[in-house]
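Survey of secondary and tertiary structure
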Amino acid sequence: MSAPLPGTTDPAVLRRARRSWYFYDWANSGYVTTTGTVLFAPYLTVVARRAACPGTTGPCDRALSVLGLPIAPGSVALYAVTLATLLSAVLLPLVGAVADRSRHRHRLLGAFAWTGAAAGTAMVGLGGDRWWLGVLLVVVATVCLTSSLVVYDALLCDVSAPAERDRTSSRGWALGYLGGFLLLAANLLVVSFPGALGLTEEQAVRVSLGSAGLWWAAFTLVPVLGLRRLPSRPLGVAGVPAGAGLLAGVAAPFRQLATTLRGVRRYPQVVRFLLAYLVFNDGIQTVVYAASVYGQEELGFTSSQLITTILLVQAIAFGGALLFGAAAGRFGAQRTVLAGLALWILVIVLTYGVPRGAFSRWLVLAVLIGIVLGGTQALARSMFSQLVPVGAEAEFFSLYQAGERGTSWLGTLAFGLVAQLTGSYRPALAFLLVFFVVGGLLLTRVDLAAGARQARESAP
């Protein structure tokens, strides 16, 4: 028998809450796709190069001096994202502890989301040689985004019963891909034809960056307002006694975090799942990140061809996430994810054999990636939600997010090292098979039923 949802069993309330919950994927994906995936890094590189070589429009061989250290302009964006990722990994467990002590998680979601969206919108002012402004804004936006996702993922347990979470999570991911696709398509038109709007190319990029922040902020209203109808959560779980002083209330999240970290080993299925997820998700993230480099350098595709590829993947991923959600309802989430990992392996093998310039074959593989991309990640989220102890959802999802960010550099490092040692991207791509094979084998060792039973019966 599954545990009741916190505070309510009213089907109408939960149905409305789920519809609102979906829209945070739509809201933040506009920023993730337009800013994080496509526009920010290339534009910050232009700004950093301008700062290093004033008045030069061509190649720049000078370095920026940052705290006395020489930094190549082309590496500024990569270092900024790395800094933001590592900072997130450190802070997220504390965010989870705070979120589990919040009576109204939707308010905390809004606070993180709107702070990050403000930083994203402020990127409209990124210009001249103000590369440091870009670093500051992307760090703030990234830390706030990842913090909001911890709260958002934990809310999955509030808006859905365990049997509904595969479908709910998949619908959220699907809506996110659709929202990201629509905003990116609109912004690519702005960037491609700036003169039609009376803009320069650089102004068009800045307007697009700002629009992603506004999109994030505006659509966050939907979940924040829609989820307010959920009853407030009791503070009895991992809480402080009524009447405790302010200092005790402030210290409680730190004490609870320490307790959770010490006690997580009591949940072997959680540990096994996290190990499996961190391995295969690192492979997924590396394929996504390295695809443009592989397509450009190894296969000779142009920027417009690569942009077409990104849009195709985004569009197909909408249906792919829904398809995987439906398959999980019939075959189970664990089997469906394992089938997805097998499809990832097939994609890598087929991509290895694509000859240079074969764009049509490349697009076929983009369709396969779109089918499997959102589905595997959405079902991983819903599977983990079954394993987290009642009352500590946000804390455990903070470990999920922090672990993902703390290890997400391993795949790209391996890809880069193999490419450097062999002088070709094809062996580097083949090496990524290790992540999917090992991750799949680790996933087969997870006993979801036992883990879900333990999660219902005990809390840290």
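Throughout, residues of each chain are indexed from 1 in the direction in which the sequence is written. In view of the model being predicted, local features appear only for residues whose pLDDT reaches at least 70, and side-chain atom pairs are presented and counted only at 80 or more, with totals across whole chains, interfaces and linings using the full set of residues. Note that water and hydrogens are dropped before the side-chain values are worked out from all heavy atoms of the structure.

**What to know about the overall build of the chain**
Strands here mean DSSP runs of E at least two residues long; helices mean DSSP runs of H or I at least four residues long; both are numbered from the N terminus. A tally of helices and strands in the chain yields 16 helices and 2 strands. Only protein chains enter the accessibility calculation, which uses a 1.4 Å probe; a residue is then buried when its area is under 20% of its type maximum, exposed when over 50%, and partly exposed in between. Per-residue burial over the chain gives 52% buried out of 460 residues. Of the contacts made within the chain by residues no fewer than 6 positions apart, 84% connect residues no fewer than 24 positions apart. The contact definition used throughout considers only heavy atoms, calling two residues in contact when any of these lie within 4.5 Å.

**What to know about the pattern of salt bridges**
Salt bridges, as used here, are contacts in which a Lys or Arg side-chain nitrogen is within 4 Å of a carboxyl oxygen on Asp or Glu. Scanning the entire structure with this criterion turns up 6 salt bridges. For Asp25, the salt bridge is made with Arg381, and the minimal N-O distance between the two is 3.4 Å. Here Asp25 is found in helix H1 (residues 11–52), whereas its partner Arg381 is found in helix H11 (residues 359–387), with 356 residues between them in sequence. Where salt bridges share partners, they join Asp25, Asp153 and Arg381 into one cluster.

**Here we look at the packing of aromatic side chains**
Note on aromatic pairs: the rings of Phe, Tyr and Trp (six-membered ring only in Trp) are paired at centre separations within 6.5 Å, and the planes decide the class, stacked below 30 degrees, edge-to-face beyond 60, tilted for the rest. With the rule as written, the count across this model stands at 15 aromatic pairs. Both rings, one in Phe23 and one in Trp26, keep their centres 6.0 Å apart while their planes meet at 50 degrees; by these two values the pair is tilted. Highlighted residues: Phe23 and Trp26, both in helix H1, separated by 3 residues, approximately one helical turn. Overall, Phe23 belongs to the partly exposed group, its relative accessible area being 27%. Taken together, a centroid distance of 6.2 Å and an interplanar angle of 5 degrees make the contact between Phe273 and Tyr277 stacked. With Phe273 and Tyr277 both in helix H8 (residues 268–298), this residue pair falls 4 residues apart, about one helical turn. Here the two residues Phe273 and Tyr277 agree in accessibility, since each one is buried. Taken together, Trp21, Tyr22, Tyr24 and Tyr152 form an aromatic cluster joined through their ring pairs.

**Re the environment of Val98**
Checked against the element boundaries, Val98 lands in helix H2 (residues 76–99). Residue classification places Val98 among the partly exposed residues on the basis of a relative accessible area of 35%. The spatial distance from the C-alpha of Val98 to the C-alpha of Leu108 is 9.2 Å, given a sequence separation of 10 residues.

**Re the nonpolar core**
Formed by 127 residues in total, the largest nonpolar core has its most connected members in Tyr24, Phe273, Trp344, Phe384 and Leu443. Among the elements that line this core, the one with the most residues is helix H4 (residues 131–159), at 18 residues. By nonpolar core is meant a set of buried Ala, Val, Leu, Ile, Met, Phe, Trp, Tyr and Cys residues that side-chain atoms within 4.5 Å join together.

**So, the packing of helix H5 (residues 165–192) against helix H6 (residues 201–226)**
Helix-helix packing: each pair is described by the crossing angle between the helix axes and the interaxial distance. Two numbers describe how H5 lies on H6: the axes approach to 9 Å, and their chain directions differ by 160 degrees. As the angle between them shows, H5 and H6 are arranged roughly antiparallel. By crossing handedness, the relation of H5 to H6 is classed as right-handed. Contact with H5, carried on its side by Gly179, Leu183, Asn187, Val190 and Val191, involves Ala204, Val205, Ser208, Ser211, Ala212 and Trp215 of H6 and no other residues of that element. A fitted line through C-alpha atoms serves as each axis, taken over the contacting stretch for helices, and the angle formed by two N-to-C directions is quoted from 0 to 180°. Working definition: roughly parallel below 35 degrees, roughly antiparallel above 145 degrees, roughly perpendicular at 65 to 115 degrees, and oblique for all remaining angles. Each crossing gets its hand from how the near helix is turned against the far one by less than a right angle, where anticlockwise is left-handed and clockwise is right-handed.

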